[in-house]
Amino acid sequence: MLFLSKVALRYLTSNIIQTTLLISGVALSVVVFVFITALINGLALYLTAEVTSKIAHVELEPPNTVSRVLTDNDRFVAAPVSTFRRKQIRNWQQVLELAEKMPGVKTVSPTIDGNAFLTRGEAVLPVAVQGVSPDKIDAMADLSSNLIAGNADLSAGGLLVGVELAEELNLAVGGPVLMRSERGAERLIPITGIFKSGVSSLDRRVAYISIGAARPLFDLPNGVTTISIKLDDPDEAPRVAKALQDATGLKATPWQEKNKTLEEATDAQGRTGVFIQSFAMIAIIISISSALLLSSYRRRAEIGIMRAVGISRRFVAGVFVLQGILIGGISALLGAGLGYQLCVTLASIQGANGRPSLPIAPSEGGYALVITLTIIGAALAAVLPARAAAAVDPVDAIQQ
Amino acid sequence: MNDIVLKAEGIIKTFRNGDEETRVLKGIDLVLPKGRMIALQGASGSGKSTLLNILGLLMQPTSGELTLLNQPLAGLPDAVLSRYRNRHLGFVFQYHNLLPDFTALENVAFPAAAPAGRLKRDVKERSQMLLDRVGLSDRKNFLATRLSGGQKQRVAIARALINSPNLVLADEPTGNLDRKTSDQVMMLLKEINRDDQATFLISTHDENIAAYCDERIQIEDGLIAKADSG
């Protein structure tokens with residue numbers, strides 16, 4: 001063992017109570033750092049997962065019609081491209097085939113989107129209707145796990161509605177409801193199931209039917225309005241969207257673009273977390289620095305003896321820096337371990353709805369970061385005491 | 001062959017306290033030959049501790065020149081002076097002599113182990129030999145705090161000898177020991193002086209301690225008043 005390490009360790013173990021208290025204090029700050037990091041990352045993951053499980057990760061739509069500048073002799077005339085043509089994807093089977101072959105794509109579903117009114121007795125409510133492939137509805141919107149009544153099988157031509165919509169129209173599974181589409185078509189459709197996603201805009205305003213049932217309602221015998229895509233990794237959506245847009249010429253929108261507020265909210269949480277993490281690091285630095293500064297003062301006479309017998313200032317400073325690094329390293333490992341255990345315990349506590357009471361992600365505690373920062377912080381915290389120790393005048397210290 | 005270990009010429013030391021200046025040493029000329037045991041005597045406040053600190057390279061003189069083994073020391077940086085202290089000088093102090101968290105053997109080995117980076121086997125063996133020589137081989141694994149005053153001083157003497165110094169400086173080495181233990185310590189120093197041919201400069205105001213030395217230097221009011229061969 002290096003003699004420097006031996007001296008540093010001997011100093012740390014000579015007052016085991018003080019060292020234990022110091023390590024406990026620093027470890028506690030590390031636990032706070034880990035907890036906050038796991039909580040904020042867990043919350044971001046939870047919110048993102050909640051949102052991405054219910055929506056398409058990439059949506060392909062016909063490109064927007066744009067005004068085109070036409071010249072007429074010396075005059076400029078802005079004229080829109082024809083809006084008389086229905087916006088639809090006619091060659092959707094080819095696009096579907098292309099998208100399915102793309103790496104990272106999990107499910108592709110053609111969709112017919114449209115607006116309609118649901119009428120029951122005198123009550124009329126507007127709904128956004130999504131005509132989807134019956135075999136892909138769960139892959140796209142995970143409705144089965146959110147069903148509170150009936151089933152998600154749309155193959156028989158039924159309708160899936162959200163719980164708020166069902167309550168307002170007093171709908172029950174098996175009962176019929178009249179749908180009048182934006183194209184003027186009417187149809188009496190039985191309720192297949194009622195879902196509760198927890199997202200009010202979905203539970204109140206969205207209804208699902210099969211794509212086959214949607215075609216006559218929205219007067220689209222061949223084309224589709226949208227192609228919805230689910231990915232293995234939702235974070236890959238911008239990359240996949242760009243690749244599909246380049247390949248098909250369709251307008252491809254990643255889910256992040258439609259959920260800017262979610263990104264802003266998670267960013268704001270992240271910034272709050274950085275503040276708390278910074279305070280934890282400052283607490284670590286102050287604890288170690290003050291304890292070692294006190295130690296350097298208490299050991300002035302010993303340092304004076306060392307300096308008198310020719311031990312270099314560098315060695316004396318090294319003893320204190322190494323003490324800081326040892327305290328930081330031990331505390332970081334201890335705090336990271338305890339922090340992980342705390343997060344695992346908290347994540348296992350379930351709330352009334354059967355979900356974890358805290359959306360904490362034990363694996364996202366930033367362990368490598370906190371260990372590295374704590375050791376670096378501890379080494380920096382030891383610099384001031386080390387300089388003070390190295391500056392001890394042997395004559396003053398011995399005569400004291 | 002170099003018979004002069006340390007030479008001091010015109011050493012002046014002035015301490016400043018605000019506007020007030022106190023000249024403690026007023027021009028000391030001194031030669032410490034090899035193998036001699038010299039007593040530095042003087043009343044309290046005469047300047048003998050200050051002179052000892054300057055000769056031990058622990059304090060810079062205000063003016064004057066020091067030469068250690070023919071090497072002028074003026075203007076050398078602290079790191080070099082520390083190295084010289086470590087290699088060529090040994091110290092025995094009256095108080096605060098040992099590092100309390102280390103064993104007797106580790107205290108003895110410290111001045112050799114720290115610069116080397118580790119406690120090598122030859123240093124450990126030499127430390128054990130020195131502890132044996134001062135009669136403390138059975139206390140080698142005792143923490144310094146568990147040793148008596150006389151035992152601590154003997155460990156300090158062993159530590160002063162670990163790097164085979166040319167000069168050992170002792171400031172009142174028996175100042176807080178009883179008569180019997182003082183005599184034991186002085187007999188030990190005398191024996192080491194005779195066997196190792198190391199030069200000893202011992203600051204004391206005790207006539208009995210000075211009687212063990214070959215020479216006496218009397219310092220009064222910052223000047224050497226008298227130098228006698230014993």
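The structure reproduced in this document is the subject of the present report. (Residues numbered from 1 in each chain as written. Chains lettered and ligands numbered in written order. Predicted model: local features only at pLDDT ≥ 70, side-chain atom pairs only at ≥ 80, totals over all residues. Heavy atoms only, no water.)

## Focus on the pattern of salt bridges
All names here are of chain B. Applying the stated criterion across every chain yields a total of 23 salt bridges over all chains. Residue glutamate 215 is joined to arginine 36 by a salt bridge in which the shortest nitrogen-to-oxygen separation is 2.8 Å. Taken together, the residues glutamate 215 in strand β9 (residues 215-220) and arginine 36 in the loop between β2 (20-33) and β3 (37-41) connect sequence positions 179 residues apart. We classify glutamate 215 as buried; its relative accessible area is 16%. One salt-bridge network, in which partners are shared between bridges, spans Arg133, Arg194, Asp195 and Asp196. (Salt bridge = Lys/Arg side-chain N within 4 Å of Asp/Glu carboxyl O. Helix = DSSP H or I, 4+ residues; strand = E, 2+ residues; numbered from the N terminus. Buried < 20%, exposed > 50% of the residue type's maximum accessible area, 1.4 Å probe, protein only.)

## Things to note about the sheet that holds β2(B)
All names here are of chain B. Read from one edge of the open sheet, four strands run β2-β1-β4-β5, paired in antiparallel fashion. Since the sheet does not close on itself, it has two edges, and those belong to β2 and β5 (71-72), each with one partner. Bridge count between strand β4 (residues 63-68) and β5: two bridges; the pairing is antiparallel. Across the sheet, leucine 68 pairs through a bridge with glutamine 71, a residue of β5. Relative to the sheet, helix α1 (residues 48-55) contacts β1 (4-17), β2 and β4, its axis offset from that of β2 by approximately 60°. (Pairing = 2+ DSSP bridges. Contact = heavy atoms within 4.5 Å. Axes fitted to C-alpha atoms, helices over the stretch in contact; angles between N-to-C directions.)

## Examining the pairing of strand β10 (residues 206-210) of chain A
Residue and element names in this part refer to chain A. Of all five residues in β10, five are buried, a share of seventy percent or more. Along β10, one buried face is formed by Val206, Tyr208 and Ser210 and the opposite face, lined by Ala207 and Ile209, is buried too. Relative to β10, strand β5 (residues 123-132) runs parallel, the two sharing five bridges. What sits directly across from glutamine 130, in β10, is tyrosine 208. Bridge analysis of strand β7 (residues 159-162) against β10 gives two bridges, and the strand direction is antiparallel.

## Remarks on the layout of surface pockets
Residue and element names in this part refer to chain A. Its boundaries defined by the atoms lining it, the largest pocket holds a volume of some 730 Å³. Ile55, Ala56, Glu59, Gln130 and Leu202 are, among the 34 residues lining the largest pocket, the residues nearest its centre. Taken together, the residues of the lining of the largest pocket sort by class into 15 nonpolar, eleven polar and eight charged. (1 Å grid on protein atoms, 1.4 Å probe; cavity = no way out; pocket = protein on both sides within 12 Å on 5 of 7 lines; lining within 4 Å. Points joined across faces, edges and corners; volume = space filled by probe spheres on them. Nonpolar A, V, L, I, M, F, W, Y, C, P; charged D, E, K, R; others polar.)

## A closer look at the nonpolar core
Core analysis: the biggest nonpolar cluster contains 58 residues, and B:Leu55, B:Phe110 and B:Leu201 have the highest contact counts within it. When sequence neighbours within four positions are dropped, the list of residues in contact with B:Phe110 reads A:Phe3, A:Val7, A:Met306, A:Ile311, A:Phe315, B:Leu99, B:Phe102 and B:Pro115. Ranked by size, the runner-up nonpolar core spans 48 residues in total, among them A:Met102, A:Val127, A:Phe218 and A:Ala252. (Core = buried A, V, L, I, M, F, W, Y, C linked by side-chain atoms within 4.5 Å.)

## Digging into the interface of chain A and chain B
Every contact between the two is made by 28 residues of chain A and, on the other side, 26 residues of chain B. Each partner contributes to the roughly 2,300 Å² buried at the junction of chain A and chain B, and carbon and sulfur atoms together form 66% of this total. One can count five salt bridges joining chain A with chain B. A salt bridge links A:Lys6 to B:Glu106; the shortest N-O distance between them is 3.5 Å. Our count for the contact surface shared by chain A and chain B stands at ten residue pairs in polar contact (both at pLDDT 80 or more). Among the elements of the structure, α1 (3-14), α11 (300-308), α12 (313-348) and α15 (394-399) of chain A are those that each provide at least two residues to the side of chain A that touches chain B. Considering only residue class, the side of chain A that touches chain B consists of 17 nonpolar, four polar and seven charged. (Buried area = accessible area lost by both parts, 1.4 Å probe. Polar contact = N/O pair within 3.5 Å; in protein donor to acceptor, adjacent residues only side chain to side chain.)

## Brief notes about the packing of aromatic side chains
Per the stated rule, a full pass over the model turns up eight aromatic pairs over all chains. Ring centres of A:Phe3 and B:Phe110 lie 5.1 Å apart, and the angle between their planes is 75°; this geometry places the pair in the edge-to-face category. You can see A:Phe3 sitting in helix α1 and its partner B:Phe110 sitting in helix α3 (residues 104-116), one on each of two chains. Residue B:Phe110 is classed as buried on the basis of its relative accessible area of 2%. Put simply, the rings of A:Phe3, A:Tyr11, A:Phe315, B:Phe102 and B:Phe110 pair up and form one aromatic cluster. One cation-aromatic arrangement involves A:Arg299 over A:Tyr11; the distance from NZ or CZ to the ring centre is 3.7 Å. Here the guanidinium or amino end of B:Arg146 rests over the ring plane of B:Phe142, the centre of that ring lying 4.5 Å away. (Phe/Tyr/Trp six-rings, centres within 6.5 Å; stacked < 30°, edge-to-face > 60°. Lys NZ or Arg CZ within 6 Å of the ring centre and 35° of its normal.)

## Concerning the environment of B:Glu215
Expressed as a C-alpha distance, the spacing of B:Glu215 and B:Leu201, which sit 14 residues apart in the sequence, is 9.5 Å. In this structure the side chain of B:Glu215 is engaged in a polar contact, spanning 2.8 Å, whose partner is the side chain of B:Arg36.

## Points about the environment of A:Ala44
Residues and elements named next belong to chain A. Looking at the element boundaries, alanine 44 is found in helix α2 (residues 16-54). For the pair alanine 44 and aspartate 267, spaced 223 residues apart in sequence, the C-alpha separation works out to 8.8 Å. Filtering out sequence-adjacent residues up to four positions away, alanine 44 remains in contact with Thr266 and Gln269.

## Thoughts on empty space enclosed by the protein
Counting across every chain of the model gives three cavities of 30 Å³ or more. Estimated volume of the largest cavity: approximately 110 Å³. A:Leu12, A:Gln18, A:Thr19, A:Ser295 and A:Gln323 are, among the 13 residues lining the largest cavity, the residues nearest its centre. Broken down by secondary-structure element, the contributors of at least two residues to the lining of the largest cavity are α1, α2, α10 (260-298) and α12 of chain A. By residue number, the principal contributor to the lining of the largest cavity is α10(A), which donates four residues. A per-class count over the lining of the largest cavity returns six nonpolar, five polar and two charged. Around the second largest cavity, the lining residues are A:Val309, B:Arg85, B:Asn86, B:Leu89, B:Gly90, B:Phe91, B:Pro111, B:Arg159, B:Ala160, B:Ile162, B:Asn163 and B:Pro165. Contributions of two or more residues to the lining of the second largest cavity are made by α2 (78-88), β6 (89-92) and α5 (149-160) of chain B. The dominant element in the lining of the second largest cavity, judged by the number of residues it contributes, is β6(B), at three residues. Here the lining of the second largest cavity is composed, by residue class, of seven nonpolar, three polar and two charged.

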